[in-house]
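Understanding the architecture of this molecule
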Amino acid sequence: MASIALKSFIGLRQTATEKTHFTMQAKPVSPKPSNHRTLQVKAAKTSPKVTGRNLRVAVIGGGPAGGAAAETLAKGGVETFLIERKMDNCKPCGGAIPLCMVGEFDLPLDIIDRRVTKMKMISPSNVAVDIGQTLKPHEYIGMVRREVLDQYLRNRASENGATVINGLFLKMDKPGDGEAPYVLHYTEYDGKAGGAGVKKTMEVDAVIGADGANSRVAKSIDAGDYEYAIAFQERIKIPDDKMVYYENLAEMYVGDDVSPDFYGWVFPKCDHVAVGTGTVTHKGDIKKFQLATRNRANDKILGGKILRVEAHPIPEHPRPRRLAGRVALVGDAAGYVTKCSGEGIYFAAKSGRMCAEAIVEGSENGKRMVNEADLRTYLEKWDKTYWPTYKVLDVLQKVFYRSNPAREAFVEMCADEYVQKMTFDSYLYKRVVPGNPWEDLKLAVNTIGSLVRANALRREMEKINV
Amino acid sequence: MASIAISASLQTVCSSHQVTKQPQSKPGARSLGMKEATCVVALNVEANSLNVSAQEKSALRIQKHKAEDAADSKSKDGLRGAELSAVKFRDERWKNGTWDLNMFSKNGKMYWDGIILAEAKRRKFLELHPEASMNDDPVVFRSSIIPWWAWMMRSYLPEAELINGRAAMVGFFMAYVVDALTGLGVVGQTGNFICKAGFFVTVIAIILIRRTQDVGNLRKLADEATFYDKQWQASWQHQNDQTGKKI
């Protein structure tokens, strides 16, 4: 996805209030995309032109979703305001990004602290399987520091013309009638730490809510709730000789002791490791699960010092309403985290970009007012592109994270080279590849065999000590 | 770190005992050891450091041994051969992370049942006492080395017998009833499409519904399979509800 800087014809006819900037043309400015859903109002062709100014859009939240959205909006000629509460926020996050994100978002390679090329999956009975033998030399999973990545994306948005505001979004007044603006109430900090901040208001035409799992924008549009998992993580600095083992290796521990419905992990970060676990159903026992995870990795992190303890919610599924009027949710606020692996950074950035593209296109580079139908095209495109990925991961989680026998079968299956190749292909490039049908059949047979064996062993286990 | 590991394993043992609902009362020494271990854990976590004094380590280890022995003598009657000195799983047939197949052969024949039993014991042990995964002592055993017929003979024959018996009984009874109602004998029934379809459905039902709770389980499974889809479609349903409404 190369971004070619082109001055469009529309850009040349800019009004005086606009800053001069390059506008990116992803597609030619063509007739509105026709929606085959008869329920939708035909888009912005009939919307009035916005006179005297460009379309104003506010992006609430400056993480990967907000940064990507603001950049695309600004490049598209829309007047963009990015409101972020804490500019140096060190987010509790796994920090893994797939290979395709580096290319699609033009990330500089020095953002990536570490390239993980090997993964180890460890079953409840400590059967350890190495994954990653099928990776080619240029393929890796990038580990980033969130504060570095978020700052980079925000800076890029700002360079393209977005206004970055350090403030906390409070609430939003919905417009009375069709074309009236949304009034946002926020507290501006302006870089002063610990200060009370100045209460301000802003009028915008559309809002993108990218403010994360506890989104206030979602609350103000009654988007509904989702189930969420709690991820608990400790950052541990381990001795250098132990750090060598984790040079480019990440570990995943599965088992009832580690988590009843998720996994425990040891991920290498810039100079320490992050040891954590998560759960949806037994949130109260999270500390116990964390101790169990540390116990399982015992020798490998012996002698380490805990630097930081952090926890955050992970949405399990999208909110019931991701869109209302001219307000759209993206990223964690919308609930775009995959099951099974809990991956969210790439999908946040991608959804921010997709939503911004829909706004840019619907408003014809900021010249016309958008309406709900334009934002719905983003939802349509998103669901169509990524629904298979989400569904497959959901099925995997339901089948393989159910119980210890299922987890044993899972780890056994991961030893298979075909499985590894398919897994990495779909993770690194975010496409569900069909694959060889003969191998698929063999894989299905092997999966059933593993599940049958593991369940037979469980029945034997139940006979002992009954 | 070691003491946290030990106290963590103590905690896990206690909680997993609760999870598996084993009807045993914890010996007094053990609960005392647990409380003290919890205090130590809390202190260590607050101090934000995993380095502990040797004194604490040795004190905890003694307590753990006492508690461990007390627990094991009560719990693992079947595992007399596999008693341990530390928290690790020990068995004379478990070598280098896998089962030594030579020790399972009787009179030159492989005794696969023995391996299945031994592996079940090992997994049970590990469920109750989760062990750290060691790099220098990896587990390389794969259950796929046990041939498929060994699994069948051990676990699935009784159930297969049950299902076949049920199918035979239902089949005979239905053949009689259909003959009485329609006059078609068994030979005539096999030629009739409706009878064949009914036969197919009956066989599937007998295989899937073996216990009374299977009906509920299957319904829950169907719900589960479609729940995620419903969550994703929720945004579109709201749109349909609000056609023409302006916000």
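Residues numbered from 1 in each chain as written. Chains lettered and ligands numbered in written order. Predicted model: local features only at pLDDT ≥ 70, side-chain atom pairs only at ≥ 80, totals over all residues. Heavy atoms only, no water.

1. So, the overall build of chain B
As a reminder, the rule being used: We count a stretch as a helix when DSSP gives it H or I for four or more residues in a row; a strand needs E for two or more, and each element gets its number in order from the N terminus. For the exposure calls, accessible area comes from a 1.4 Å probe over protein chains only, and a residue counts as buried if that area is under 20% of its type's maximum, exposed if over 50%, partly exposed in between. In short, Shrake-Rupley with a 1.4 Å probe defines the accessible areas, and a residue's cover is counted only from the protein chains shown.
Within chain B one finds 8 helices and 4 strands. The order of helices and strands in chain B, counted from the N terminus, is α-α-α-β-β-β-β-α-α-α-α-α. Across the 247 residues in chain B, those meeting the buried criterion constitute 36%. About 14,800 Å² of surface is accessible on chain B, with carbon and sulfur atoms providing 62% of the total.

2. Quick notes on the overall build of chain A
For clarity, the threshold we go by: Pairs of residues are marked as contacts when any of their non-hydrogen atoms sit within 4.5 Å.
Helices and strands together make up the secondary structure of chain A, namely 12 helices and 20 strands. Considering chain A as a whole, with its 466 residues, one finds that 60% of them fall into the buried category. Sequence-distant contacts, at least 24 apart, represent 71% of the contacts inside chain A between residues at least 6 apart. Total accessible area on chain A is roughly 18,700 Å²; 57% of this is exposed by carbon and sulfur atoms.

3. Notes on the pairing of strand β16 (residues 264-268) of chain A
Residue and element names in this part refer to chain A. Where we set the bar: Pairing between two strands requires that DSSP report at least two bridges joining them.
The buried count for β16 comes to 5 of 5 residues, which makes it a mostly enclosed element. Of the two faces of β16, the one lined by Gly-264, Val-266 and Pro-268 and the one lined by Trp-265 and Phe-267 are each fully buried. Two elements, strand β15 (residues 249-253) and β16, share 3 bridges in a ladder whose sense is antiparallel. Note on β16: the bridge partner recorded for Tyr-253 is Gly-264. Pairing of β16 with strand β17 (residues 273-279), which is carried by 4 bridges, proceeds in the antiparallel orientation. Its bridge partner being in β17, Pro-268 is matched across the sheet by Val-273.

4. What about the sheet that holds strand β9 (residues 141-144) of chain A?
Residues and elements named next belong to chain A. The 3 strands lie next to each other as β5-β9-β6, forming an open sheet whose pairing is antiparallel. Only two strands of the sheet have a single partner each, and these edge strands are β5 (96-97) and β6 (112-116). Pairing geometry for β5 and β9, over 2 bridges, is antiparallel. In the sheet register, Ile-97 faces β9, and the bridge partner there is Gly-142.

5. Some remarks on the side chain of Glu-131 of chain B
All names here are of chain B. Rules: Pairing of N or O atoms within 3.5 Å defines a polar contact, subject to two protein rules: one partner must be a possible hydrogen donor and the other a possible acceptor, and residues neighboring in sequence count only if both atoms are side-chain atoms.
Among the secondary structure elements, Glu-131 is positioned in the loop between α4 (112-128) and α5 (148-182). On the basis of relative accessible area, Glu-131 is assigned to the buried category, the value being 13%. Here the side chain of Glu-131 touches Phe-89 through a polar contact of 2.7 Å, landing on its backbone nitrogen.

6. Some remarks on the sheet that holds strand β19 (residues 323-324) of chain A
With mixed pairing, 8 strands are arranged side by side in an open sheet as β12-β11-β10-β4-β3-β13-β20-β19 (chain A). With one partner strand each, in any of the chains shown, β12 (198-204) and β19 of chain A form the two edges of the open sheet.

7. Quick notes on the layout of surface pockets
The method is simple in principle: a probe with the dimensions of a water molecule rolls over the atoms, and the space it marks as empty is what remains. As a reminder of what qualifies: Each cavity reported here is a set of points on a 1 Å grid over the protein atoms alone in which a 1.4 Å probe fits but cannot get out, each pocket an open set with protein on both sides within 12 Å along at least five of seven lines, and each lining residue one with an atom within 4 Å of a point. Grid points are joined across faces, edges and corners, and a volume is the space filled by probe spheres set on the points. Throughout, the ten residues Ala, Val, Leu, Ile, Met, Phe, Trp, Tyr, Cys and Pro are labelled nonpolar, Asp, Glu, Lys and Arg are labelled charged, and all others, Gly among them, are labelled polar.
Estimated volume of the second largest pocket: approximately 1,500 Å³. Lining the second largest pocket we find 31 residues, and of these Asn-455 and Arg-458 of chain A together with Asp-214, Asn-217 and Leu-221 of chain B sit closest to its centre. Only α9 (372-400), α10 (404-414) and α12 (437-463) of chain A together with α5, α7 (193-208) and α8 (213-241) of chain B provide two or more residues apiece to the lining of the second largest pocket. When grouped by side-chain class, the residues that make up the lining of the second largest pocket number 15 nonpolar, 3 polar and 13 charged.

8. Considering a nonpolar patch on the surface
All names here are of chain B. Put simply, the rule reads: Patch construction takes residues with relative accessible area above 30% that form no salt bridge. Like charges are linked within 9 Å, and nonpolar side chains (Val, Leu, Ile, Met, Phe, Trp, Tyr) are linked within 5 Å. Take a side-chain nitrogen of Lys or Arg and a carboxyl oxygen of Asp or Glu: if they are within 4 Å of each other, that pair is a salt bridge.
A cluster of nonpolar side chains, Phe-199, Phe-200, Val-201, Val-203, Ile-204, Ile-207, Leu-208, Ile-209, Val-215, Leu-218 and Leu-221, forms an exposed patch at the surface whose accessible area comes to about 950 Å². For the nonpolar patch, the secondary-structure elements that each account for two or more residues are α7 and α8. Per-element accounting of the nonpolar patch gives the leading share, 7 residues, to α7. Position of Phe-200 among the secondary structure elements: in helix α7. Classification of Phe-200 as exposed rests on a relative accessible area of 56%.

9. Observations regarding unusual backbone geometry
Positive phi values are uncommon outside glycine, yet Asp-222 of chain A reaches one of about 55°. Looking at where Asp-222 of chain A falls in the secondary structure, it is placed in the loop between α5 (216-220) and β14 (228-237). Note on Asp-222 of chain A: relative accessible area 56%, which makes it exposed. Its identity as a non-glycine residue notwithstanding, Asn-96 of chain B has a phi of 55°, on the positive side. Given the relative accessible area of 69%, Asn-96 of chain B is considered exposed.

10. Observations regarding the packing of aromatic side chains
The cut-off we apply is this: In summary, the pairing rule links any two rings of Phe, Tyr or Trp, Trp by its six-membered ring, whose centres are within 6.5 Å, and it sorts them by plane angle into stacked for under 30 degrees, edge-to-face for over 60 and tilted for everything else. Throughout this description, the term charge over a ring refers to an Arg CZ or Lys NZ atom that lies within 6 Å of the ring centre and within 35 degrees of the ring normal.
On inspection of all chains with the given rule, the structure shows 23 aromatic pairs over all chains. When the centroid spacing of 4.6 Å and the interplanar angle of 50° are considered together, the rings of Trp-382 of chain A and Tyr-386 of chain A count as tilted. Of the two residues, Trp-382 of chain A and Tyr-386 of chain A are both situated in helix α9; the distance of 4 residues between them amounts to about one turn of the helix. Accessibility expressed as a relative area gives 0% for Trp-382 of chain A, which makes it buried. Between Trp-94 of chain B and Trp-99 of chain B, the ring centres sit 4.9 Å apart and the planes meet at 70°, which makes this aromatic pair edge-to-face. Between Arg-319 of chain A and the ring centre of Tyr-226 of chain A, over which it is positioned, the NZ or CZ distance is 4.3 Å. Cation over ring: Lys-430 of chain A sits above Tyr-427 of chain A, and NZ or CZ is 4.2 Å from the ring centre.

11. Looking at helix α11 (residues 417-429) of chain A
Residues and elements named next belong to chain A. So the rule is basically this: Expected helix span is given by 1.5 Å per residue-to-residue step, counting one fewer step than there are residues.
Between its first and last C-alpha, α11 extends 18 Å over 13 residues, near the 18 Å set by a 1.5 Å rise per residue. Every buried residue of α11 is listed here: Tyr-418, Val-419, Gln-420, Met-422, Phe-424, Asp-425, Tyr-427 and Leu-428. Summarising the contacts, the buried residues of α11 are in contact with β5, α3 (99-104), β8 (128-131), β9, α10 and α12.

12. Some remarks on the confidence of the model for chain B
All names here are of chain B. Heads up, the rule is: Along the chain, pLDDT gives the predictor's confidence residue by residue, from 0 to 100.
The predicted model of chain B averages 68 in pLDDT, with 61% of residues at 70 or higher. Predicted confidence for residues 1-86 stays below pLDDT 50, and this span has 93 contacts to residues more than four positions away or in other chains. Predicted complex metrics record ipTM = 0.71 and pTM = 0.75.

13. Here we look at the environment of Asn-164 of chain B
For Asn-164 of chain B, the location among the structural elements is in helix α5. Placed 42 residues apart in sequence, Asn-164 of chain B and Ile-206 of chain B show a C-alpha to C-alpha distance of 9.1 Å.

14. Points about the packing of α10 of chain A against α12 of chain A
Residues and elements named next belong to chain A. Our working rule: Each axis is a line fitted through C-alpha atoms, and for a helix only the stretch in contact is used; angles between axes span 0 to 180 degrees, taken between their N-to-C directions. Left-handed describes a crossing whose near helix is turned anticlockwise from the far helix through less than a right angle; right-handed describes the clockwise counterpart.
At their nearest, the axes of α10 and α12 sit 8 Å apart, and the two run at 140° to each other. Our pair here, α10 against α12, has a crossing hand that is right-handed. Counted together, Pro-405, Ala-406, Glu-408, Ala-409, Glu-412 and Met-413 of α10 and Leu-443, Asn-446, Thr-447, Ser-450, Leu-451, Arg-453, Ala-454, Asn-455 and Arg-458 of α12 form the full contact between these two elements. Split into classes, the residues belonging to the contact of α10 with α12 amount to 7 nonpolar, 4 polar and 4 charged.

15. What about the state of the cysteines?
Think of a disulfide as a covalent bridge from one cysteine sulfur atom to another cysteine sulfur atom. Residue and element names in this part refer to chain A. Threshold: In what follows, a disulfide is any cysteine sulfur pair within 2.5 Å.
What the rule picks out here adds up to 0 disulfides over all chains. Of the cysteine sulfurs around Cys-90, a residue in no disulfide, the closest is that of Cys-270, at 9.0 Å. Free of any disulfide, Cys-355 has its nearest cysteine sulfur in Cys-100, 20 Å distant.

16. Some points on the pattern of salt bridges
Residues and elements named next belong to chain B. Considering all chains together, one arrives at 40 salt bridges over all chains under this definition. A salt bridge links Glu-119 to Arg-122, with the shortest nitrogen-to-oxygen separation between them at 3.0 Å. Note that Glu-119 and Arg-122 are positioned in helix α4 at a spacing of 3 residues, about one turn of the helix. Taken as a pair, Glu-119 and Arg-122 share a single burial class, namely buried.

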